[in-house]
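Reading the structure
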Amino acid sequence: MEPLDRSTIWPYEGGEPGAFYYQRYAHPTGVAAERKLAELEGAPEGQALLFASGSAATTALLVALLEPGQTIALAEGAYYGTGLLFAELGRWGLRYVEFDQTGPPPDGADLIWLEAPSNPFLTMPDFEAAAAAPGRVVVDSTASTPIYLRPLERGADFAVHSATKYLGGHSDVLLGAVVAGSEEDAKRLRDFRGRTGIVAAPDPCWLLLRSLQTLRVRMERITAGAQALVERLQAHPAVEVVRYPGFGGLLSFDVADPHKVETSLRVIKNATSLGGTESALESRSRWEGDRVPPGLLRLSVGLEDPDELWADLEQALS
């Protein structure tokens, strides 16, 4: 493991700042984690940047690259917090419109924001249609991870992650990431990050380095468990609809009484967020209101035995 360096300053070398001089601009642990993430995403070294959270990464990307009066086309049904953040930035002159990401984006969009898969509806974008549009393309691939999707290889200009989720993988890291397709964009984001102070701290970066070593084996185990549960949920009479893209650990399904299911669980945690080693389930209507069906439950499958998870779901559904 890379040693954890919590230093906030480093002495100048020969009277001049070296590669590291003040933590707000860069630090060894963060650079090591960024190097590993760039490798996973198939990007050149220096083009992955870590931020204090996924929302911080999103904010940096929008404010650094867009101007007042420009328009974002946001994938319909994407993580509700993304739309809330876009609306907040409306006070600075940015506007957004939602569109069905399974088809082409609307005309006139300066930035096209896809989510692969969307959370909690689990739709996948039409990458070719988005790449053919004149606007720049961002793909939030938090739920896919680089194990199942590398957006830059699908024509995107940026890949975005809430690294709190599967990349961190243990529910103990708060981080966000942007991987830029060009050196110029990476430099602009790095400068913006340093000036605004939303750099990721060394400790979560060190934990991310730990987690990235097991990312592939975790995602493969999680996917196998999710696939097994999807088959059983689809056959259960109390389940109305199941949404799953075919890979990863995120799925959703609808039931008549979501509160009963939540409060009957014994193994699966009734909690928000996703991507940890322990499975978590929650009703999304408590946060998203009428935007989602009232009975929609989002399940993040962890590393537990699938039979044990199914036994818990089955008794909660009965």
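These notes cover the structure that comes with them. (Residues numbered from 1 in each chain as written. Predicted model: local features only at pLDDT ≥ 70, side-chain atom pairs only at ≥ 80, totals over all residues. Heavy atoms only, no water.)

Looking at the nonpolar core
Membership of the largest hydrophobic core comes to 30 residues, with the highest contact counts inside it found for Leu-37, Leu-50, Leu-167, Val-179, Leu-208 and Leu-215. Elements represented by at least two residues in this core include exactly helix 1 (28–41), strand 1 (48–51), strand 7 (176–180), helix 7 (202–212) and helix 8 (215–235). Ranked by residue count, the leading element in this core is helix 1, at five residues. The contact partners of Val-179, leaving out residues within four places of it in the chain, are Leu-37, Glu-41, Ala-43, Gln-47, Ala-48, Leu-152, Asp-157, Phe-158 and Ala-159. Ala-57, Leu-61, Leu-85 and Ala-180 belong to the second largest nonpolar core, which has 27 residues in total. (Core = buried A, V, L, I, M, F, W, Y, C linked by side-chain atoms within 4.5 Å. Buried < 20%, exposed > 50% of the residue type's maximum accessible area, 1.4 Å probe, protein only. Helix = DSSP H or I, 4+ residues; strand = E, 2+ residues; numbered from the N terminus. Contact = heavy atoms within 4.5 Å.)

What about helix 1?
Between its first and last C-alpha atoms helix 1 spans 20 Å; for 14 residues at 1.5 Å apiece the expected length is 20 Å, and the two agree. Most of helix 1 sits out of view: ten of its 14 residues are buried. For helix 1, the complete set of buried residues consists of Pro-28, Thr-29, Gly-30, Ala-32, Ala-33, Glu-34, Leu-37, Ala-38, Leu-40 and Glu-41. Phi turns positive one or two residues past the end of helix 1, at Gly-42, with a value near 75°. (Expected span 1.5 Å × (residues − 1).)

Here's the deal with empty space enclosed by the protein
Within this structure, the stated rule accounts for one cavity of 30 Å³ or more. By volume, the largest cavity is sized at about 50 Å³. Around the largest cavity, the lining residues are Tyr-25, Ala-26, His-27, Gly-30, Val-31, Glu-34, Leu-50, Arg-193, Val-199, Ala-200 and Cys-205. A per-element tally of the lining of the largest cavity places helix 1 first, with three residues. Broken down by class, the residue content of the lining of the largest cavity amounts to seven nonpolar, two polar and two charged. (1 Å grid on protein atoms, 1.4 Å probe; cavity = no way out; pocket = protein on both sides within 12 Å on 5 of 7 lines; lining within 4 Å. Points joined across faces, edges and corners; volume = space filled by probe spheres on them. Nonpolar A, V, L, I, M, F, W, Y, C, P; charged D, E, K, R; others polar.)

With respect to the side chain of Ser-118
Mapped onto the fold, Ser-118 is located in the loop between strand 4 (111–115) and helix 4 (127–132). For Ser-118, a relative accessible area of 0% corresponds to the buried category. Ignoring anything within four residues of it in the chain, the contact list for Ser-118 reads Gly-77, Ala-78, Gln-101 and Thr-123.

What to know about the pattern of salt bridges
On inspection of all chains with the given rule, the structure shows 19 salt bridges. Between Arg-6 and Asp-203 there is a salt bridge whose closest N-O contact spans 2.8 Å. With Arg-6 in the segment before helix 1 and Asp-203 in helix 7, this residue pair connects regions lying 197 residues apart in the sequence. A relative accessible area of 31% means that Asp-203 is categorised as partly exposed. A salt bridge links Arg-216 to Glu-220; its shortest N-O distance comes to 3.9 Å. Placement of the pair is Arg-216 and Glu-220 together in helix 8, with a separation of four residues, close to one helical turn. (Salt bridge = Lys/Arg side-chain N within 4 Å of Asp/Glu carboxyl O.)

Regarding a nonpolar patch on the surface
Together, Ile-9, Tyr-12, Tyr-21, Tyr-22 and Tyr-25 make up an exposed nonpolar region whose accessible area comes to about 520 Å². As for its position among the elements, Tyr-12 is in the segment before helix 1. (Patch = residues over 30% accessible without salt bridge, like charges linked within 9 Å, V, L, I, M, F, W, Y side chains within 5 Å. Areas by Shrake-Rupley, 256 points an atom, 1.4 Å probe, with all protein chains shown as cover.)

Focus on the sheet that holds strand 9 (residues 250–254)
With respect to topology, five strands assemble into an open sheet ordered 8-9-12-11-10, the strand pairing being mixed. Unpaired on one side and paired on the other, strand 8 (241–243) and strand 10 (269–270) mark the two borders of the sheet. Across two bridges, the pairing between strand 10 and strand 11 (residues 280–283) is parallel. From the neighbouring strand, Asn-270 faces strand 11, where its bridge partner is Leu-281. (Pairing = 2+ DSSP bridges.)

A few points about the pairing of strand 1
Burial along strand 1 is two-sided: Ala-48 and Leu-50 and Leu-49 and Phe-51, pointing in opposite directions, are all buried. When strand 1 meets strand 7, the two strands line up antiparallel, connected through four bridges. In the strand pairing of strand 7, Leu-50 is matched with Ala-177.

Some points on the side chain of Gln-23
Summarising the element assignment, Gln-23 is placed in the segment before helix 1. Among the polar contacts made by the side chain of Gln-23, one reaches the main-chain carbonyl oxygen of Ser-7 at a distance of 2.9 Å. Residue contacts for Gln-23: discarding those within four places in its chain leaves Arg-6, Ser-7, Thr-8, Trp-10, Val-199, Ala-201 and Pro-202. (Polar contact = N/O pair within 3.5 Å; in protein donor to acceptor, adjacent residues only side chain to side chain.)

Looking at the layout of surface pockets
In this structure, the largest pocket encloses a volume near 510 Å³. Only helix 2 (54–65), helix 3 (80–88) and strand 6 (158–162) provide two or more residues apiece to the lining of the largest pocket. Split by residue class, the lining of the largest pocket holds ten nonpolar, 13 polar and five charged. Considering the residues around the second largest pocket, the lining is formed by 14 residues, among which Tyr-25, Ala-26, Val-31, Glu-34 and Arg-190 are closest to the centre. At the level of secondary structure, the elements contributing two or more residues to the lining of the second largest pocket comprise helix 1 and helix 6 (183–196). Taken together, the residues of the lining of the second largest pocket sort by class into seven nonpolar, one polar and six charged.

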